[in-house]
Amino acid sequence: MTIKSVFLSLFALAGLAACNTRGPEGAAPKTPVQLIPLPARLTETADSFLLDKQTVLVAATEADRQTAGLFNEWFSSLSGFELQVKDSGSMNAIVFSTRPAGEKAIAEAYQLKVGKDLITIEGDDAAGTFYGMQTLIQLMPVQSAPAYWLPGVNISDQPRFAYRGLHLDVCRHFFPVSFVKKYIDLLSMHKMNTFHWHLTDDQGWRIEIKRYPKLQEIASRRKETMEGRYADNKFDGKPYGGFYTQEDIKEVVAYAAERHVTVIPEIEMPGHALAALAAYPNLGCTGGPYAVGTKWGVLDDVFCAGNDSTFQFLQNVLEEVMILFPSTYIHIGGDECPKVRWDKCPKCQARMKAEGLKDGHALQSYFIRRMEKWLNEKGRQIIGWDEILEGGLAPNATVMSWRGIEGGIAAAKQHHDVIMTPGGFVYFDHYQSQGKNEPLAIGGFTPVSKVYGYDPVPEGLTPKEASYIKGAQANLWTEYIGSPEHAEYMVYPRAVALAEVLWSPKEKKDFDGFLERLKRHLPRLEKKGVNYAKHVFEVRPTVESNGKNGVQVRLDAKLDGGKVVFTTDSSAPDMNATAYTGPIPVTQTGTIRAIVLQDSKPYGNEWQQRFLFHKALGRTPELPRTPHQNYNPGAFTLVNGIEGVPEFNDNQWTAWSGGTAVAVVDLGDSTQITQVGLNYLANREQWIYPPKEMKVEVSEDGKHFKEVLLRKEPGGNGIVRWRVGLTDVKGRYVKFTLRALDRIPDGAPGKGEPAWLFIDELIVQ
């Protein structure tokens, strides 16, 4: 080939490429490929596909036509017109096809190719085709246009975990069918495949059971609802209720099935049963009278395990439940079941004697095993919270590990299937921001970054044991969540982060990359009308050591075009405030405030933090005894100048479960000490107690200490800011020793358990 012919060939190719990028006036240009969750394998090509009114959707089977129809729903909401669906087509077409059953396939896998004339989506099964369609949607810009350019890609994709779930508690607060369907639509949009519907609890029974009409008449309504914090013990005085008819249930299950979502119902047993007992008091140990629960928390009245009518009732209930829900799994709860009624119930004690059961835990295991055997005979399997491990695990049970990861590890080692749902990572009723304007939540602090950083497979498992980790799930408990808008605010975008954790290969995880893709994904949530939280693009502070025994604050924001400004005099930041260029030193007691500006207007919530300046600031203490893993933000937080808040959602509190806590602060040089102090938290409803004893000692060499202060039974409630003046005291090292209450007393929540000891800022003046 001559140089001239090469040139002409290249010119012709360039002309073809140019033709391929021309389209109708106003066509939306192709956008960067930014997909969530990230596919397993993705290659971008030079091709472009023009999607316009002449494009057809090709779908030959009923399942593929259903997927094409769902694509048309989204597309028409953008463009204002639908695409024609045909049985065949090979030019200017989007072809949906699913492999015939029996061919070698990977569950939920798909292949997506975007060429210049044709888009093909081939699913290894119908769910795979559906997920390929969801990926195709993400290749389109979110705007109204007469036509759309789509970027050329070759994608081969499959999920990392088989179980990818979201939970919704409708007992504490009830949500309409329209919202439940939206909830399902959103989770399926992010390639999640399981909706865990928490339908019964102490505060309300939410599913119609025709054989037991009092469940609708009595158990579905409570006389009032708690308002404010749990410890406030206040109520609104307003009757509250609601339940789903069996027709409602059928509608939701069918809607979910169209989107390849399995709905798993939860019928709580043997605990969290007060609503059912209010309707049928013969099912309890005392016979009542009972009333539907109005307080949150764990209540003592549970199903009587010694009463055969209890099992008959639950079997009759589940007969109707199984007709409504085709899922293999039925969730039977099994969590937080006090044994106090069983300990005094003649029927329960007789049952224990007859079955040779040594204690209440064994009786609970008997209860779960009996229900499991019956359900297994019906072709169903049970899932239960990790308390079902206590007293011995039912033979075929799947465990949901919520109290940390230990339950999941134990179940996997016993070769039981596990769904990981640890509170510290995937409880979406926890706070997600340290902002002062956050709506009231149950506690904890779980930002998007923490969700994204979670890995469902715990360390220390063998490959065989790890194979029993089937996936993970986020839970939304609704004690403090009373509306659909609030629920969406708590779930999104955290659920988007979890979706990528559960679908994408572990080695591809990259939080900064995720945030870049999330920026382009948020308009899709806006199009769906989702009231998502904006925290992830607000000011992100890092309070850290300056390397010179001091404290400094770094500020960051991932918002494109955002400008961070701040003040240090407690005034509100605005466009005239100082632009952030580097770490801000903490040199005095006061408040730093910062905000992101976009186009000179505030974006999201302002960040502000008051700092307390003192001699121990920035001097990380030595902690001879390691704090509890759930409340161990690092020893530096004890001297970072930040005082923890009552909700303990700010990751500032350091805590121990029982025993004695010791912290030794090195001031660097011998200095006069005029005051010592610290903050501790007392919230007895949540098992958090004041220290039994507090002692302060000083030393010049860090070895020989002299006691300068001893306080026994300091008492108090809420945050106690303990400060004591000293005279004629000098030293370099200051040792704080705090002894926790040995055991929680009788009559108090958590009686007999070790008391929690929560402390924060260690202060030396």
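Residue numbers here run from 1 along each chain, matching the order of that chain's written sequence. Only residues with pLDDT of at least 70 get local features here, since the model is predicted, and only at 80 or more are side-chain atom pairs given and counted; chain-wide, interface and lining totals rely on the full set of residues. Each side-chain value is derived from all of the structure's non-hydrogen atoms; neither hydrogens nor water enter the calculation.

S.K.: Describe the overall build of the protein chain, with residues and values.
M.R.: A run of H or I in DSSP becomes a helix once it reaches four residues, and a run of E becomes a strand once it reaches two; helices and strands are each numbered from the N terminus. Each helix and strand in the protein chain was counted, giving 18 helices and 36 strands. Note on method: radius of gyration uses C-alpha positions; expected globular size equals 2.2 Å times residues raised to 0.38. The C-alpha atoms of the protein chain give a radius of gyration of 30 Å, which matches the 27 Å a tight globule of 765 residues would have. Its C-alpha atoms put the protein chain at 95 × 70 × 50 Å along the principal axes. Relative to its full complement of 765 residues, the protein chain shows a buried share of 56%. Throughout, a residue-residue contact means that at least one pair of heavy atoms, one from each residue, lies within 4.5 Å. Across the protein chain, the fraction of contacts at a sequence separation of at least 24, relative to all contacts at a separation of at least 6, is 72%. Element-wise, carbon and sulfur atoms account for 50% of the exposed surface of the protein chain, whose accessible area totals about 31,300 Å². Charged residues are defined narrowly, with Lys and Arg counted positive, Asp and Glu counted negative, and His plus the chain ends left uncounted. Taken as the charge centre is NZ of Lys, CZ of Arg, CG of Asp or CD of Glu, depending on the residue. Between the mean site of the 85 positive side-chain charges and the mean site of the 90 negative ones, the protein chain shows a separation of 2 Å. Three labels apply to residues, based on accessible area from a 1.4 Å probe with only protein chains included: buried if under 20% of the type maximum, exposed if over 50%, partly exposed otherwise in between. What sets the accessible areas is the Shrake-Rupley method with a 1.4 Å probe; for residues, cover comes only from the shown protein chains.

S.K.: Quick one: what's the story with the pairing of strand β31 (residues 675–682), residue by residue and with numbers?
M.R.: Each regular strand shows side chains that alternate between the opposite faces of the sheet. The element β31 is largely enclosed, with a buried count of seven among its eight residues. Two strands qualify as a pair provided that DSSP identifies no fewer than 2 bridges between them. Where β31 lies against strand β34 (residues 718–725), eight bridges are found, and the strand directions are antiparallel. Residue pairing in the sheet places N679 in a bridge with R721 of β34. By the bridge criterion, five bridges tie β31 to strand β36 (residues 756–764) in an arrangement that is antiparallel. Within β36, the position partnered with V676 by the bridge is V764.

S.K.: Break down the packing of aromatic side chains for me, with residues and values.
M.R.: Note on aromatic pairs: the rings of Phe, Tyr and Trp (six-membered ring only in Trp) are paired at centre separations within 6.5 Å, and the planes decide the class, stacked below 30 degrees, edge-to-face beyond 60, tilted for the rest. Applying the stated rule across the entire model yields 30 aromatic pairs. Plain terms: the ring middles of F130 and Y131 are 5.5 Å apart, the flat faces sit at 70° to each other, and that makes the pair edge-to-face. According to the relative accessible area criterion, F130 is buried, its value standing at 1%. Note on W385 and W477: the rings are 5.7 Å apart at their centroids and 50° apart in plane angle, and the pair reads as tilted. Separated by 92 residues along the polypeptide, W385 in strand β18 (residues 381–385) and W477 in the loop between β21 (469–474) and α16 (484–491) bring together distant segments of the chain. The exposure class of W385 is buried, given its relative accessible area of 1%. A network of ring pairs unites the aromatic residues F174, F175, F179, Y183, F195, W197, Y244 and F325 as a single cluster. In this arrangement the basic side chain of K191 is found over the ring face of W503, its NZ or CZ atom lying 5.8 Å from the centre. Charge-over-ring placement is defined geometrically: NZ (Lys) or CZ (Arg) within 6 Å of the ring centre, and within 35 degrees of the ring normal.

S.K.: Break down unusual backbone geometry for me, with residues and values.
M.R.: Here M269 and P270 are connected by a cis peptide whose omega angle stands at -10°. Note the cis peptide between Y492 and P493, where omega equals 10°. Checked against the element boundaries, P493 lands in the loop between α16 and α17 (494–503). We note that E108 has phi near 70°; this positive angle belongs to a residue other than glycine. Tracing the sequence through the fold places E108 in the loop between β4 (93–98) and β5 (110–114). Taking relative accessible area as the criterion, E108 reaches 11% and is therefore assigned buried. For H415, which is not a glycine, the phi torsion comes out positive at approximately 65°. Of note, H415 is situated in the loop between α12 (406–413) and β20 (418–420). According to the relative accessible area criterion, H415 is partly exposed, its value standing at 40%.

S.K.: Account for helix α11 (residues 360–377), naming residues and giving values.
M.R.: Given a rise of 1.5 Å per residue, 18 residues ought to cover 26 Å, and the 26 Å separating the end C-alpha atoms of α11 matches this to within 8%. All of the buried residues in α11 are G360, A362, L363, Q364, S365, Y366, F367, I368, M371, E372, W374 and L375. Buried residues belonging to α11 abut β16 (262–269), α8 (308–324), β17 (329–333), α9 (340–344), α10 (346–355) and β18. Pairs of N or O atoms are called polar contacts if they sit within 3.5 Å, as long as, within protein, a hydrogen donor faces a hydrogen acceptor (for residues adjacent in sequence, only side-chain-to-side-chain pairs). Two or three places before H361, at the opening of α11, D359 has a side-chain oxygen 3.2 Å from that residue's backbone nitrogen. The positive-phi residue at the C-terminal boundary of α11 is G379, with phi of around 85°. An expected span of 1.5 Å times one less than the residue number is assigned to each helix.

S.K.: Which residues make up the environment of V586, and what values do they have?
M.R.: Within the secondary structure layout, V586 lies in the loop between β26 (584–585) and β27 (590–598). Between the C-alpha atoms of V586 and N546, which are 40 residues apart in sequence, the distance is 9.6 Å. Once residues lying within four places of it in the same chain are set aside, the contact partners of V586 are V551, Q552, V553, F611, F613 and L617.

S.K.: Tell me about the sheet that holds strand β35 (residues 730–739), residues and numbers included.
M.R.: Where strands meet in a sheet, backbone hydrogen bonds hold them as pairs that are either parallel or antiparallel. In space, the four strands of this open sheet follow the order β30-β35-β32-β33, with antiparallel pairing throughout. At either margin of the open sheet sits one strand with a lone partner, and together these are β30 (660–672) and β33 (706–712). The sheet shows a mean angle of 15° between the axes of neighbouring strands, taken without regard to direction. Relative to β35, β30 runs antiparallel, the two sharing nine bridges. Its bridge partner being in β35, A661 is matched across the sheet by L738. Note on geometry: axes are lines fitted to C-alpha atoms, helical ones only across the stretch in contact, with angles between N-to-C directions running from 0 to 180 degrees.

S.K.: I'd love a proper account of α17, names of residues and values included.
M.R.: Within α17, 10 of the 10 residues are buried, which leaves it mostly tucked inside the rest of the structure. By the burial criterion, the buried members of α17 are R494, A495, V496, A497, L498, A499, E500, V501, L502 and W503.

S.K.: Can you lay out the pattern of salt bridges for me, pointing to particular residues and giving the numbers?
M.R.: Whenever a carboxyl oxygen of Asp or Glu lies within 4 Å of a side-chain nitrogen of Lys or Arg, that contact is scored as a salt bridge. Tallied over the full model, the rule gives 35 salt bridges. Close ionic contact of R259 with D185 constitutes a salt bridge, the shortest N to O distance being 3.2 Å. Pair noted here: R259 is in the loop between α6 (246–258) and β16 and D185 is in helix α4 (residues 177–189), with a separation of 74 residues, a long-range link. This pair shows no difference in class: R259 is buried, exactly as D185 is. One network of salt bridges, in which partners are shared, links D169, R172, D201 and E479.

S.K.: Describe in detail the pairing of β17, supporting the description with residues and values.
M.R.: Most of β17 sits inside the fold, with four of its five residues counted as buried. Here β16 pairs with β17 via two bridges, running parallel. Looking at the pairing, M269 lines up with G333 of β17. Where β17 meets β18, three bridges bridge the pair, whose relative direction is parallel. Across the sheet, residue H331 finds its bridge partner in β18, namely I383.

S.K.: Residues and numbers for the nonpolar core, please.
M.R.: Residue types Ala, Val, Leu, Ile, Met, Phe, Trp, Tyr and Cys, when buried and joined through side-chain atoms within 4.5 Å, form a set referred to as a nonpolar core. The biggest cluster of nonpolar side chains holds 146 residues, and the ones touching the most others in it are W197, W205 and Y492. What W197 contacts, discounting residues up to four positions off in sequence, is L168, V170, V180, Y244, I249, V252, V263, I264, P265, E266 and F325. Core analysis: the second largest hydrophobic core is formed by 36 residues, Y110, I137, Y148 and W503 among them.

S.K.: Describe the sheet that holds β36, with residues and values.
M.R.: Read across the sheet, four strands follow the order β29-β36-β31-β34 without closing on themselves; strand pairing throughout is antiparallel. A strand with exactly one partner marks an edge of an open sheet, and here the two such strands are β29 (654–657) and β34. Direction aside, neighbouring strands of the sheet carry axes that sit 25° apart on average.

S.K.: Can you lay out the state of the cysteines for me, pointing to particular residues and giving the numbers?
M.R.: Cysteine sulfur atoms that pair up within 2.5 Å are treated as a disulfide. Considering all chains together, one arrives at zero disulfides under this definition. Here C171 is not cross-linked by a disulfide; its sulfur's nearest cysteine counterpart is in C337, at 16 Å. Looking at the unpaired C304, the closest cysteine sulfur is the one in C348, lying at 3.8 Å.

Geometric descriptors of this kind do not, in isolation, establish any biological role.
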